[in-house]
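Breakdown of the fold
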Amino acid sequence: MVLPAAAPAADPSAEQPAAATRTHEFMLDNGMKLIVKEDHRAPVVVSQVWYKVGSSYEHGGITGISHVLEHMMFKGTKKHGPGEFSRIIAENGGRENAFTGRDYTAYFQSLEKGRLPVAFELESDRMRNLQLQQAEFAKEVKVVMEERRMRTEDNASALTYEQFNAVAFLSSPYRIPIIGWMGDLQGLTLDELHAWYRKWYAPNNATLVVAGDVDPGEVRALAERYFGPLEPDTVTPPKPRPEIEQRGVRRITVKAPAEVPYLIMGYKVPVLATAARDWEPYALEVLAGILDGGDSARLARELVRGSQIAASASAGYSLYDRQESLLMLDGAPANDHDVAALEQALRAQVAQLRDAPVTVPELERVKAQVLADRIYQEDSVFYQAMQIGQLETLGLGWERMEEYLPRIQAVTAAQVQEVAKRYLNEDRLTIAVLDPQPMDAKVRAGAAALGGGHVR
């Protein structure tokens, strides 16, 4: 058996030392990690099972398979037939769903605290006993293909982003769209899906996160009862697939039916898992906040309200990824301006960050905003579980959650300028431009109905 990245302690059944928070970590004998976050403000509980598998684990020919499997996980076991999982959770007053990302696939239930055994019984059953039937597979893969048509192919911005991503990353698996390429979905087989399920869905490749009004000891006993009997399997982590060195600006134009042009710019930057200097991801987080963090941030203040070059402009960065990622800027030009003017304006904003340190008021604004956002997020039991599951599945450890605020507060103006100089340069830049084409009535209706995210 090959254990996941977060290896068990010498005594796998012992509770690990908790930080100052009420978070408790256990390891079951079969290698499954359990993390319990106490929050006794309301008699509810959130249960999440996170698997170390997502689109970045895939390869050409089977892209989208992790997301299709997520759909099929609701199609039943010998014990619980198709659709029964959702029916039972609903009958117990709960809600449930699942989501697939680049580095993980997760399943969750929100319930009254006394109903936690219901979630455990169902999740443990489908972890190893899923029944994959050809008829259900044929129906569900068509559902996913339709989802792809609606959310990506009929959505000009999403289509532009998908193709931007495939150009920004040439060798990194982050070029693979979570929903998969249409040709791969059309060629996907039940045997491939079954092999994928057997390869990744094992207790020693999963983390169980429980947050809410619970007793950690009781949750551990429940986990041992329901998940403990599951046999571990040999799980081989994916080989490293680093991105090749970029040598100059990459640029594409995407023609698609749309009402307005759209611009995406992305600079390759490190994340917590890849940074040579551990303060850099926090400085990049602050940098993104300087550009886009409310009406007083630079993009809104100077490009939308000031020069009025942009109808919209935003910036974003996440320090939580498994591989090198991107700091993104995007936007749409205002009337009487074109994409070239918007690109020039965004480049000027980047140049300002390289050429001069951010001001003290700007730095303090971002830090205050981060603090406020974190406090609001902590109000959500679901969010707390999400953050634990994501950090654990990325191999960073849930303790990183406690570091975030002090590390952000420690970022200096000089550090923001240093990461801007080091990473926001031409040789790390990819640009995509949406060239809008005439829209028919069907495309207009589809665009208006679209949402985001790859959830069931």
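Nothing here was measured: the structure is a model prediction, and the numbers come from that model.

1. Describing empty space enclosed by the protein
On inspection of all chains with the given rule, the structure shows two cavities of 30 Å³ or more. Approximately 70 Å³ is the volume attributed to the largest cavity. What lines the largest cavity is simply M73, F74, G76, T77, H80, G81, F85, L122, D125, R126 and L130. Considering each element in turn, the lining of the largest cavity owes the most residues, three residues, to helix α3 (residues 116–128). Grouping the constituent residues of the lining of the largest cavity by class yields five nonpolar, four polar and two charged.

2. Structural notes on the packing of aromatic side chains
This structure, assessed with the given rule, holds 17 aromatic pairs. Ring centres of Y51 and Y201 lie 4.0 Å apart, and the angle between their planes is 20 degrees; this geometry places the pair in the stacked category. Of this pair, Y51 sits in strand β3 (residues 44–51) while Y201 is found in the loop between α7 (190–200) and β6 (206–212), placing the two residues 150 residues apart along the sequence. With respect to class, Y51 is no different from Y201; both count as buried.

3. Thoughts on the confidence of the model for the protein chain
When pLDDT is averaged along the protein chain, the result is 92; 92% of the residues meet or exceed 70. Counting interchain partners and residues more than four positions distant, the pLDDT-below-50 stretch residues 1–20 has 38 contacts. Below a pLDDT of 50 lies the segment residues 449–454, which in the model reaches 15 contacts outside its immediate sequence neighbourhood of four places, other chains included.

Thresholds, definitions, all that
- Residues numbered from 1 in each chain as written.
- Predicted model: local features only at pLDDT ≥ 70, side-chain atom pairs only at ≥ 80, totals over all residues.
- Heavy atoms only, no water.
- 1 Å grid on protein atoms, 1.4 Å probe; cavity = no way out; pocket = protein on both sides within 12 Å on 5 of 7 lines; lining within 4 Å.
- Points joined across faces, edges and corners; volume = space filled by probe spheres on them.
- Helix = DSSP H or I, 4+ residues; strand = E, 2+ residues; numbered from the N terminus.
- Nonpolar A, V, L, I, M, F, W, Y, C, P; charged D, E, K, R; others polar.
- Phe/Tyr/Trp six-rings, centres within 6.5 Å; stacked < 30°, edge-to-face > 60°.
- Buried < 20%, exposed > 50% of the residue type's maximum accessible area, 1.4 Å probe, protein only.
- pLDDT = per-residue confidence, 0-100.
- Contact = heavy atoms within 4.5 Å.

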